[in-house]
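Letter by letter, the chains look like this.
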Amino acid sequence: MGRGPRMVRKPAAGRGAPGAGRGVRKPGAGRRVRRLVVAVALAGMIVLAGVVLGGIFADSLLTELVAGAAIGSVGLGVAARRLPNWVVAPLSAVLLAAYTILVLWISAGRAELSDPLAQIARDSLVNGIPRLLTAMIPVEPAPDTVVVPVIAAWIAGLAGGEIAVRAGRVLLGLLPAVGLYAGALYVVGPNASAAGWTTLSFAGLAILALAVSARPPGQDVPAAARTTVRAGAAAGLAAVLVLAAAVGPWIGGQVAATPVDPRQYVQPPQVDSLDESPLNRISGWSLSPKQRLLDVSATPGSKSKKVRLRLAVLPDYDGITWRVGATYRNAGRVLPTQPAIGEATVTALHQEITIDGLTGRLLPVLPTPTQVTGARIAYDAATGTVIGSDQLTKGLKYAVDSQVQTPDYNLLPAADVPAGDAVARYLTVGDGVPEQITRLAEQLSDGNGAAYDRAAAIEAFIAEHYKKVADAPSGHAYPNLAFFLFGPRAQGGQVGTSEQFAASFALLARLTGLPSRVVVGFDAPAAGGAVTGGDAIAWPEVLFEGLGWVPFDPMPKSKNPRPVEEDFTPKPTKPPSPPSEAPTASQQASSSAPPAVLAAGSGQGPGAVVLAGGASGSLLIILLAAALTVLTMRRGLRRRRLTAGTPDDRITGAWSELSDALRLAGHPLPRHLAASEAAVYATTPAPPKPGRLRRAAPGTVLTPDAGAARLPPLDQLVAGINAVGFAPGAADATQADGAARQTVAFADALRARRSWWRRAWWSIHPGPLRWRRKG
């Protein structure tokens with residue numbers, strides 16, 4: 001009876017417990033697996049956002065850093081799932097700060113930045129977003145371009161982990177990752193390839209996370225609850241279908257549309273007026289020729305004693321100021337490669353530059369730079385102008401690697417200039433061009449049909465008539481250039497610095513249809529040394545097809561230039577001088593009559609004025625009748641030659657037309673040449689002489705010496721004349737038609753290259769009527 005209460009042992013799990021058995025997992029194991037899958041999917045979605053954004057970066061560093069942020073933030077949420085929320089958030093913030101410092105240190109080392117880490121961190125956090133949106137693509141991974149995406153990825157991982165992993169609200173927890181991915185797509189815009197596979201992978205991971213988190217319905221759920229769940233699912237499906245029908249067409253249209261580039265809404269770096277138009281600084285540097293501006297190292301690979309550094313390119317002119325007009329983009333060390341110029345010789349040059357007295361933000365570089373190290377820069381790809389992120393300071397040292405392209409300048413006589421909207425910027429001038437400048441441009445272009453001939457004529461005219469002085473006043477607006485070109489020398493006209501020489505050339509070039517721009521830079525010693533104010537120079541450039549921008553040198557070659565009045569007489573102006581008394585009728589008649597007529601008496605019969613007028617009118621009628629007769633006979637001769645007779649006769653007539661056209665152009669066809677040799681003689685320019693290319697003199701015909709390579713071909717005419725000579729009767733009407741068309745096109749093109757009065761004389765020249773009696 002002393003025994004205590006009976007102890008009943010509960011059956012151990014796996015032995016006698018209901019549902020126990022081998023292979024049965026613990027109740028919480030399934031939830032842990034689902035939680036882990038959701039975490040992995042969430043981290044993968046954040047990594048894919050980094051992959052998309054990394055498409056506009058120069059290398060994969062950003063993607064790697066974003067992947068680290070995704071793993072760290074989501075992994076922390078999984079590891080600390082048993083800790084209270086108020087503990088996890090501060091812990092994640094501490095780890096984010098540590099990871100951000102690590103990211104700044106890695107990216108600063110990759111960008112070779114030597115500033116203190118604290119300064120880099122402050123600058124990156126303050127300017128990260130604008131610099132990311134204004135950076136030149138491909139973006140170099142630098143502290144200020146990677147810190148914002150990394151912090152955003154960490155915050156998305158932290159928020160998504162807390163909501164999806166810890167709270168179990170997976171659909172809501174995926175929204176931060178979706179927002180991060182959408183933001184990456186927006187920032188990339190049209191500047192990378194379509195993110196097709198990444199978007200499909202992103203959607204797949206989201207579906208996986210939602211699928212594993214779905215809770216299977218328990219068997220103890222009442223039937224009414226199941227019906228409610230099914231009704232809710234059906235309503236959700238219907239809502240999705242309605243939404244797809246309403247928004248689907250718009251989404252489909254956006255697939256093929258070009259994404260919006262957010263960079264167009266962000267103002268790029270701006271510069272002050274001196275950096276926008278450094279041409280105004282030439283006169284100041286000329287007055288201080290010994291001022292030390294910078295030092296350059298030796299330039300290995302240079303074949304000359306001087307190398308020309310480019311400070312700024314000025315393509316925009318409004319009649320007042322030549323401006324850079326650049327859209328600068330923050331750039332890393334590596335700059336975009338410029339398109340290759342035909343068969344140009346490419347020389348790789350390296351130079352180290354140390355700033356001394358040069359101020360502003362413009363950085364002098366060897367054109368065209370491909371890499372700049374040692375300074376934070378912004379770059380305008382359209383002009384090749386480089387600026388620093390801050391004002392230049394004494395002692396700033398940076399290195400420049402450049403690819404100098406040297407085209408074959410022997411091709412200049414036959415080169416043309418581009419046209420259309422692409423070069424409209426380089427042909428635009430402001431309103432109100434002075435009449436004298438317009439007349440000078442017309443005079444220099446008269447008789448110079450080829451583009452290079454016009455440019456060479458302008459270059460020679462300026463170099464021969466104007467003098468360079470160091471104390472000339474600054475300015476390149478229309479009044480300044482008009483005074484430089486036409487002002488009396490006794491009053492300070494016709495003298496200037498390279499500012500006026502380059503600006504005048506570029507303006508005259510645009511008025512003659514040549515795309516031009518002004519460049520400001522320095523002549524630096526190739527062996528290294530100091531660059532002073534006296535080395536500053538401005539020069540013009542003209543754009544040629546297949547050759548790129550070609551520099552010209554309009555600076556004077558003689559210390560005693562010819563007065564401009566010797567070769568160009570400005571249009572005289574007649575000031576009004578009203579008489580003190582009203583003139584009589586006889587005074588009005590005598591004031592307009594020439595002196596020879598005034599000597600005649602006023603006797604009876606027809607007066608001298610009537611006789612002179614009648615004689616002049618009769619002579620004019622005779623000349624017009626003669627010109628009309630010659631024109632009619634010339635056209636009849638061409639029509640008979642090209643359309644009458646057998647195909648052999650028509651081909652022979654076409655050859656006669658070619659011979660007459662070359663003779664009219666002052667370039668007669670030698671009789672000893674065969675047909676193929678004659679065609680080459682007529683259409684191929686002679687190779688230029690070594691040294692400086694000589695321009696055609698004004699008024700000369702554009703013959704094979706000056707651009708005839710652009711004349712229409714004569715291959716069908718050559719084939720036809722050979723057939724007539726070696727196989728008489730073998731030519732057919734098709735060959736005759738082709739020979740006629742080519743001859744007419746060739747003669748018209750040759751005539752079109754002459755001045756207007758020479759074209760008129762070409763049409764009524766009686767020579768072809770007597771040069772060949774047969775036809």
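Before reading on, note that the structure itself is shown above.
Residues numbered from 1 in each chain as written. Predicted model: local features only at pLDDT ≥ 70, side-chain atom pairs only at ≥ 80, totals over all residues. Heavy atoms only, no water.

Undergrad: Is there a simple way to explain the overall build of the protein in this structure?
TA: The helix and strand inventory of the protein stands at 24 helices and 16 strands. When burial is assessed residue by residue, the protein has 41% of its 775 residues classed as buried. Looking at the protein alone, contacts between residues at least 24 apart form 80% of all its contacts between residues at least 6 apart. Element-wise, carbon and sulfur atoms account for 61% of the exposed surface of the protein, whose accessible area totals about 41,100 Å². (Helix = DSSP H or I, 4+ residues; strand = E, 2+ residues; numbered from the N terminus. Buried < 20%, exposed > 50% of the residue type's maximum accessible area, 1.4 Å probe, protein only. Contact = heavy atoms within 4.5 Å. Areas by Shrake-Rupley, 256 points an atom, 1.4 Å probe, with all protein chains shown as cover.)

Undergrad: Which parts of the structure should I look at to understand the sheet that holds strand 1 (residues 292–296)?
TA: Read across the open sheet, the five strands follow the order 7-10-6-1-14; overall the sheet is antiparallel. The open sheet has two edge strands, strand 7 (369–373) and strand 14 (529–532), and neither has a second partner. Sheet twist, expressed as the mean angle between neighbouring strand axes with direction ignored, is 30°. As defined by bridge partners, strand 7 adjoins strand 10 (residues 397–406) across four bridges and the pair is classed as antiparallel. Each bridged residue has a counterpart across the sheet, and for Thr 373 the counterpart in strand 10 is Ala 399. (Pairing = 2+ DSSP bridges. Axes fitted to C-alpha atoms, helices over the stretch in contact; angles between N-to-C directions.)

Undergrad: Explain the sheet that holds strand 5 (residues 329–331) here, please?
TA: Whether parallel or antiparallel, the strands of a sheet pair through hydrogen bonds between backbone atoms. Overall, antiparallel pairing links the three strands, which are arranged 5-8-9 in an open sheet. Among the strands making up the open sheet, the edge pair consists of strand 5 and strand 9 (385–388). If you compare each strand with its neighbour and ignore which way they point, the axes differ by 40° on average. Examined bridge by bridge, strand 5 and strand 8 (residues 377–380) share three bridges and lie antiparallel to one another. Counted as the bridge partner of Arg 329 is Tyr 379 from strand 8.

Undergrad: Explain the pattern of salt bridges to me, please; I cannot follow it from the model alone.
TA: Side chains bearing opposite charge may pair, as long as their charged atoms lie close to each other. This model, assessed by the stated rule, comprises 21 salt bridges. Across the pair Asp 295 and Arg 292 runs a salt bridge, and its minimum N-O distance is 2.5 Å. Residue Lys 557 is joined to Asp 553 by a salt bridge in which the shortest nitrogen-to-oxygen separation is 3.8 Å. A network of salt bridges, in which partner residues are shared, links Asp 123, Arg 131, Asp 144 and Arg 376. (Salt bridge = Lys/Arg side-chain N within 4 Å of Asp/Glu carboxyl O.)

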